[in-house]
Amino acid sequence: MNVETARLESAGKVDRRGRDRKAALLVAGFGALAMALLGAIAVWPGLDIAVARALRVGDPAARWVETARRLAYPAPYALAGAVVLYWIARHARGRAPFPRRCALVVGLALALGPGLVVNAGLKNHVPRTRPLHTSEVAGAAAPFRPFTALAGSCERNCSFPSGETAAAFATLAPALAAPAPVPAAVAALAFGAGVGALRMAAGAHFLSDVAASAALMCFMVLALRRLLLARPAHLRERGARP
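A brief structural summary.

Definitions and cut-offs
- Residues numbered from 1 in each chain as written.
- Predicted model: local features only at pLDDT ≥ 70, side-chain atom pairs only at ≥ 80, totals over all residues.
- Heavy atoms only, no water.
- Helix = DSSP H or I, 4+ residues; strand = E, 2+ residues; numbered from the N terminus.
- Contact = heavy atoms within 4.5 Å.
- Areas by Shrake-Rupley, 256 points an atom, 1.4 Å probe, with all protein chains shown as cover.
- Phe/Tyr/Trp six-rings, centres within 6.5 Å; stacked < 30°, edge-to-face > 60°.
- Buried < 20%, exposed > 50% of the residue type's maximum accessible area, 1.4 Å probe, protein only.
- Axes fitted to C-alpha atoms, helices over the stretch in contact; angles between N-to-C directions.
- Left-handed = near helix turned anticlockwise from the far one by under 90°.
- Nonpolar A, V, L, I, M, F, W, Y, C, P; charged D, E, K, R; others polar.
- Disulfide = S-S within 2.5 Å.
- Expected span 1.5 Å × (residues − 1).
- Arc of directions from axis to C-beta.
- Salt bridge = Lys/Arg side-chain N within 4 Å of Asp/Glu carboxyl O.

**Brief notes about the overall build of the protein chain**
- Along its length, the protein chain carries 11 helices and zero strands.
- Sequence separation of at least 24 residues holds for 77% of the intrachain contacts in the protein chain that already meet a minimum separation of 6.
- Here the protein chain has roughly 13100 Å² of accessible surface; of this, 65% comes from carbon and sulfur atoms.

What follows is the structure in structure tokens.
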């Protein structure tokens, strides 16, 4: 390897680190906003009711919302599967496009976030009633309960937090591994917010349910990348030597 090639490779790595840093800051900022929104709703629970009333739609718009939801639902899982299969196919040819641990982050983000923490954990243990079953939003029998109360009349697959929103925000994992991580992260954040809006329009979730899933996945993806992809200090020092 000549000096010019080494210089270009070094410059490319520096540029990639800069793009990764910007994308991570974008995701962390979005997660912080979601946390701030949760804090505001904790202080003023009526925000949940007001937003749920404003966004909930009836027929015929409800049919379009359900169609969009069904189209969006498999996307995070299809994307994760495609990333892993692409890595396997390229690795078999001796040309892995990214480190194996990037594919591991993608799989773990889906398994731990929407899989373990949200669907297997919180949704089956926090009995919060969905908006369309509350008297304040839909004129149903059950009373509204703020997310901080950890109470309600739901028995399983309950409202807090939103599982489909968490899965949608899990697309941040492959987005941050993309060649252009900043626009990819913007697209993943927009997709997650869009899925959350669809779930609120259907009367299936409150704003706090969606915000909790957004915050969880933003910080979980960043934590997984930090744990699995960050280079140890002694390797960074070795790579910095001429």
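**Looking at the packing of aromatic side chains**
- Counted by the stated rule, this structure contains four aromatic pairs.
- Measuring from centroid to centroid gives 6.0 Å for Tyr-73 and Tyr-77, while their planes differ by 45°, and the two rings are tilted.
- Plain terms: the ring middles of Phe-147 and Phe-160 are 5.6 Å apart, the flat faces sit at 15° to each other, and that makes the pair stacked. Of this pair, Phe-147 sits in the loop between helix 6 (135-138) and helix 7 (163-169) while Phe-160 sits in the loop between helix 6 and helix 7; the two residues are 13 residues apart in sequence, bridging distant segments of the chain.

**So, the environment of Val-83**
- Locating Val-83 in the fold gives a position in helix 4 (residues 75-92).
- Classification of Val-83 by relative accessible area gives buried; the value is 15%.
- Separated by 91 residues in sequence, Val-83 and Pro-174 have C-alpha atoms that sit 7.3 Å apart.

**Observations concerning the packing of helix 5 (residues 100-121) against helix 10 (residues 207-229)**
- As a packed pair, helix 5 and helix 10 sit with axes 10 Å apart at the nearest point and diverge in direction by 140°. Pair helix 5 / helix 10 crosses with right-handed handedness. Contacts between helix 5 and helix 10 involve Arg-101, Cys-102, Leu-104, Val-105, Leu-108, Ala-109, Leu-112, Gly-113, Pro-114, Val-117 and Val-118 from the former and Leu-216, Met-217, Met-220, Val-221, Leu-224, Arg-225, Leu-228 and Leu-229 from the latter.
- For the contact of helix 5 with helix 10, the per-class residue count stands at 16 nonpolar, one polar and two charged.

**What about the state of the cysteines?**
- For the structure on display, the rule yields one disulfide.
- The side chain of Cys-154 participates in a disulfide bridge whose partner is Cys-158; the two sulfur atoms lie 2.1 Å from each other. Taking the torsion about the S-S bond as the criterion, the Cys-154 to Cys-158 disulfide, at about -95°, is left-handed. For the pair formed by Cys-154 and Cys-158, the shared burial category is buried.

**What about helix 4?**
- Here helix 4 spans 26 Å end to end across 18 residues, near enough to the 26 Å set by a 1.5 Å rise per residue.
- Looking only at helix 4, the buried set comprises Pro-76, Ala-80, Val-83 and Trp-87. The buried residues of helix 4 occupy an angular sector of 60° when projected down its axis, which confines them to one face. Counted as exposed and oriented over 90 degrees from the buried face of helix 4: Leu-85 and Ala-92.
- For helix 4, the elements touching its buried residues are helix 3 (61-72), helix 5, helix 7, helix 8 (172-176) and helix 9 (181-201).

**Overview of the side chain of Arg-199**
- Position of Arg-199 relative to the elements: it lies in helix 9.
- Its relative accessible area of 8% is what places Arg-199 among the buried residues.
- Apart from residues no more than four positions distant in its own chain, Arg-199 is found in contact with Arg-69, Arg-130, Ser-162, Glu-164, Thr-165, Ala-204 and His-205.

**Thoughts on the pattern of salt bridges**
- Here the structure, examined in full by the defined rule, presents eight salt bridges.
- Between Arg-16 and Asp-20 there is a salt bridge; the shortest N-O distance is 2.9 Å. One end of the pair is Arg-16 and the other is Asp-20, both in helix 1 (residues 3-43) and four residues apart, which spans about a single turn.
- The residue Glu-164 makes a salt bridge to Arg-69 at a minimum N-O spacing of 2.5 Å. Remark: Arg-69 occurs in helix 3 and Glu-164 occurs in helix 7; sequence separation between them is 95 residues.
- The exposure class assigned to Glu-164 is buried, which follows from its relative accessible area of 14%.
- A single network of salt bridges, built from pairs that share partners, joins Glu-66, Arg-69, Arg-70, Glu-164 and Arg-199.

**Some thoughts on unusual backbone geometry**
- Note that the residue after Asp-59, namely Pro-60, is joined by a cis bond; omega there is 0°.
- Structurally, the position occupied by Pro-60 is in the loop between helix 2 (46-55) and helix 3.
- Backbone torsion omega between Phe-160 and Pro-161 reads -15°, so that peptide bond is classified as cis.
- Considering the arrangement of structural elements, one finds Pro-161 in the loop between helix 6 and helix 7.
- Of note, Leu-150 is a non-glycine position whose phi angle comes to about 50°, a positive value.
- Counting through the fold element by element, Leu-150 comes out in the loop between helix 6 and helix 7.
- Leu-150 gets classed as exposed once you look at its relative accessible area, which sits at 52%.
- Positive phi, close to 50°, is recorded for Asn-157, a residue that is not glycine.
- Counting through the fold element by element, Asn-157 comes out in the loop between helix 6 and helix 7.

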